[in-house]
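The primary structure of each chain is shown beneath.
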Amino acid sequence: MSERFAPIVWPLFRATVGLLFACHGLASLFGVLGGSRGTGEPVPVGTWPGWYAAVIQLVCGLLVLAGLLTRPAALLASGSMAYAYFVVHQPDGLMPIQNGGVNAALYAWAFLAVAALGAGQWSLDALIARRRGATPDSAREPNITPAVSSKV
């Protein structure tokens with residue numbers, strides 16, 4: 001993909017992943033959008049680990065969607081999905097396709113990428129940085145293209 005699309009595509013990717021993750025939290029906490037695991041019901045308050053995971057999903061999903069405190073929120077979301085994969089899914093089989101952990105694995109890696117690359121230009125982090133006159137790492141445009149060496 002051309003580098004000129006990265007400043008547009010990256011924030012859209014970040015926002016989409018954040019929105020979808022927040023929807024999982026909404027479903028589990030409030031029983032909307034099909035509820036927890038499609039039951040139409042919420043996870044009972046305080047249930048370990050489901051209710052706490054849903055809180056992380058909702059809060060971190062909304063923060064990543066908005067691009068606010070993006071790196072820490074994405075890192076927490078990535079860790080929670082890695083925990084879900086290794087504790088809940090991996091005991092049922094090695095591969096995500098076998099153990100039902102595809103979503104957990106994809107979210108873990110997607111949020112790790114967001115934590116590493118930052119929010120991009122279209123984010124509240126970038127807006128706050130511009131108002132302060134600074135450009136922190138999380139507000140810079142991510143460099144998602146490999147470096148090309150001029151040496152042959």
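Here the structure is a predicted model, which means the values were calculated and not measured.

### Observations concerning the side chain of His89
Here's step 1: Inspection of the secondary structure puts His89 in helix H3 (residues 70-89).
Here's step 2: Accessibility expressed as a relative area gives 18% for His89, which makes it buried.

### A closer look at unusual backbone geometry
Here's step 1: Note the cis peptide between Trp48 and Pro49, where omega equals -5 degrees.
Here's step 2: As for its position among the elements, Pro49 is in the loop between helix H1 (6-30) and helix H2 (50-66).
Here's step 3: A positive phi angle, close to 55 degrees, is found at Leu33, a residue other than glycine.
Here's step 4: Structurally, the position occupied by Leu33 is in the loop between H1 and H2.
Here's step 5: Looking at Leu33, the relative accessible area reads 61%, which means it is exposed.
Here's step 6: Its identity as a non-glycine residue notwithstanding, Leu69 has a phi of 50 degrees, on the positive side.
Here's step 7: Mapped onto the secondary structure, Leu69 falls in the loop between H2 and H3.

### Things to note about H3
Here's step 1: With 20 residues, H3 should cover 28 Å at 1.5 Å per step; its first-to-last C-alpha distance of 27 Å lies within 8% of that length.
Here's step 2: Those residues of H3 that sit buried are Thr70, Ala73, Ala74, Ala77, Ser78, Ser80, Met81, Ala84, Tyr85 and His89. Buried positions in H3, seen along its axis, are confined to an arc of 165 degrees and lie on one side of it. Turned more than 90 degrees away from the buried face of H3 sit Pro72, Leu75 and Phe86, all of them exposed.
Here's step 3: On the buried face of H3, the contacting elements are H1, H2, helix H4 (96-99), helix H5 (102-117) and helix H6 (124-132).

What counts and how
- Residues numbered from 1 in each chain as written.
- Predicted model: local features only at pLDDT ≥ 70, side-chain atom pairs only at ≥ 80, totals over all residues.
- Heavy atoms only, no water.
- Helix = DSSP H or I, 4+ residues; strand = E, 2+ residues; numbered from the N terminus.
- Buried < 20%, exposed > 50% of the residue type's maximum accessible area, 1.4 Å probe, protein only.
- Expected span 1.5 Å × (residues − 1).
- Arc of directions from axis to C-beta.
- Contact = heavy atoms within 4.5 Å.

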